[in-house]
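Here's the letter readout for the chains.
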Amino acid sequence: MDDSIWAAARAARSWLDAANGTGETELTCRILKLTEEAGEASAAWIGLLGQNPRKGVTHTREDVAAELADVVFTALVAIESLGLDARTVLESCANKVRSRLNA
């Protein structure tokens, strides 16, 4: 990811901090926002499959990907909101996965 993504996550955190504060309730809402975004990704996948016969096919793979990107970005903002550097946390996660793949 290029540096603009990390900067955007930090800027979003700062914007939310200014608008909503930084207390435990706000942090809880930022973490719970992941569930909301994941639900939207699930709904888009269901829409792509046309699983609801009343609605038919309502989404594309691009729609699903966009919703998944919202999940990722929301997670980055939540990590930043914990007072941690999202880039460092994500790199650590990637290293952990790489070590499992090489085992």
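Above this text sits the structure in question.
Residues numbered from 1 in each chain as written. Predicted model: local features only at pLDDT ≥ 70, side-chain atom pairs only at ≥ 80, totals over all residues. Heavy atoms only, no water.

**Student:** Can you walk me through the packing of helix α2 (residues 24-49) against helix α3 (residues 61-81) in this structure?
**Tutor:** Geometry of a packed helix pair, given as the angle between the helix axes and the separation of the axes. As a packed pair, α2 and α3 sit with axes 8 Å apart at the nearest point and diverge in direction by 170°. What the angle tells us is that α2 and α3 run roughly antiparallel. For the pair α2 and α3, the contacting residues are L27, R30, I31, K33, L34, E37, A38, E40, A41, A44, W45 and L48 in the first and R61, D63, V64, E67, L68, D70, V71, T74, A75, A78 and S81 in the second. Across the contact of α2 with α3, the residue classes break down as 13 nonpolar, two polar and eight charged. (Axes fitted to C-alpha atoms, helices over the stretch in contact; angles between N-to-C directions. Helix = DSSP H or I, 4+ residues; strand = E, 2+ residues; numbered from the N terminus. Parallel < 35°, antiparallel > 145°, perpendicular 65-115°, else oblique. Contact = heavy atoms within 4.5 Å. Nonpolar A, V, L, I, M, F, W, Y, C, P; charged D, E, K, R; others polar.)

**Student:** Would you mind going over the pattern of salt bridges with me for this structure?
**Tutor:** Opposite charge on two side chains permits pairing when their charged atoms draw close. Scanning the model with the defined rule gives eight salt bridges in all. The residue K33 makes a salt bridge to E36 at a minimum N-O spacing of 3.0 Å. Here K33 and its partner E36 are both found in helix α2, three residues apart, which amounts to about one turn of the helix. Note on E36: relative accessible area 41%, which makes it partly exposed. When the shortest N-O distance is used, the salt bridge between R87 and E91 registers 3.5 Å. Of the two residues, R87 and E91 are both situated in helix α4 (residues 86-101); the distance of four residues between them amounts to about one turn of the helix. With a relative accessible area of 43%, E91 lands in the partly exposed category. Sharing partners across several salt bridges, the network here consists of R13, D17, E26, R30 and E80. (Salt bridge = Lys/Arg side-chain N within 4 Å of Asp/Glu carboxyl O. Buried < 20%, exposed > 50% of the residue type's maximum accessible area, 1.4 Å probe, protein only.)

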